[in-house]
Amino acid sequence: TRFSVLKSEAAILSTIGGKIKKTGTYIIIYNLRKMPNGELEFDFKKDPTDINIVEDETTTDNMLYARQDRINTNPTTYYSLRAYCAILFLRPKMQIFVRSVKVKTKLIKKSLSKTLVDTYKPHGVDKPQ
């Protein structure tokens, strides 16, 4: 509770509904800003099993163009917490849950279309004896 916005163990338990396990990490999202349209910056309603970044409304043409470019070319990992957690670790050895639903992890190395293996050979370093 030293670095938490919730100052007591009772406050933490009441916030997460008393579903504490002996091991694991809980992430509590708080202090969200509101967009100009009045919605929070994260969307919790669109998908009950995910947390997404809200599509913000911009007024200038340059910002609107940049936003459309981001939507059309970026993968779901840019705006979906579930998709980001699925590829977060090179060798996933733990269970990740987002909104109490298990994330199906992916081996990112196997899902890339173009892979390259590069062997690093340092120059100017003496060989170990």
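Engineer: Describe the overall build of the protein, with residues and values.
Structural biologist: For the protein, the helix and strand inventory stands at four helices and four strands. Moving toward the C terminus, one meets the helices and strands of the protein in the order α-β-β-α-α-β-β-α. Within the protein, the fraction of its 129 residues that count as buried is 13%. For the protein, the share of sequence-separated contacts (at least 6 apart) that also reach a separation of at least 24 residues comes to 21%. Carbon and sulfur atoms make up 55% of the accessible area of the protein, which totals about 11700 Å².

Engineer: I'd like a description of the nonpolar core, backed by residues and values.
Structural biologist: Counting residues in hydrophobic clusters, the biggest one holds five residues: C85, A86, I96, V98 and V103. Beyond its immediate chain neighbours, meaning those up to four positions away, C85 contacts I96, V98, V103 and T105.

Engineer: So what's going on with the side chain of D50? Residues and values would help.
Structural biologist: Looking at the secondary structure, you find D50 in the loop between β1 (42-43) and β2 (52-53). For the buried D50, which has no salt bridge, the nearest side chain bearing the opposite charge is R82, at an N-O separation of 4.8 Å. A polar contact of 2.9 Å, which involves the side chain of D50, links it to the backbone nitrogen of R82. If we ignore the near neighbours within four places in the chain, the residues touching D50 are D43, S80, L81, R82, V98 and R99.

Engineer: Any details on unusual backbone geometry? Residues and values, ideally.
Structural biologist: The backbone phi angle of R99 is positive, close to 55°, even though this residue is not glycine. Residue placement: R99 occurs in the loop between β3 (97-98) and β4 (101-102). Here R99 falls in the partly exposed class, since its relative accessible area comes to 34%. With a phi angle near 70°, S100 is a residue other than glycine that sits in the positive phi range. As for its position among the elements, S100 is in the loop between β3 and β4. We classify S100 as exposed; its relative accessible area is 63%.

Engineer: Can you explain the environment of I108? Please cite residues and give values.
Structural biologist: Looking at where I108 falls in the secondary structure, it is placed in helix α4 (residues 108-111). Each C-alpha atom, one on I108 and one on F89, is 8.0 Å from the other, the two residues being 19 residues apart in sequence. Not counting chain neighbours up to four residues away, the residues in contact with I108 comprise I87 and L90.

Conventions adopted
- Residues numbered from 1 in each chain as written.
- Predicted model: local features only at pLDDT ≥ 70, side-chain atom pairs only at ≥ 80, totals over all residues.
- Heavy atoms only, no water.
- Helix = DSSP H or I, 4+ residues; strand = E, 2+ residues; numbered from the N terminus.
- Buried < 20%, exposed > 50% of the residue type's maximum accessible area, 1.4 Å probe, protein only.
- Contact = heavy atoms within 4.5 Å.
- Areas by Shrake-Rupley, 256 points an atom, 1.4 Å probe, with all protein chains shown as cover.
- Core = buried A, V, L, I, M, F, W, Y, C linked by side-chain atoms within 4.5 Å.
- Lys, Arg positive; Asp, Glu negative; His and termini not counted.
- Salt bridge = Lys/Arg side-chain N within 4 Å of Asp/Glu carboxyl O.
- Polar contact = N/O pair within 3.5 Å; in protein donor to acceptor, adjacent residues only side chain to side chain.

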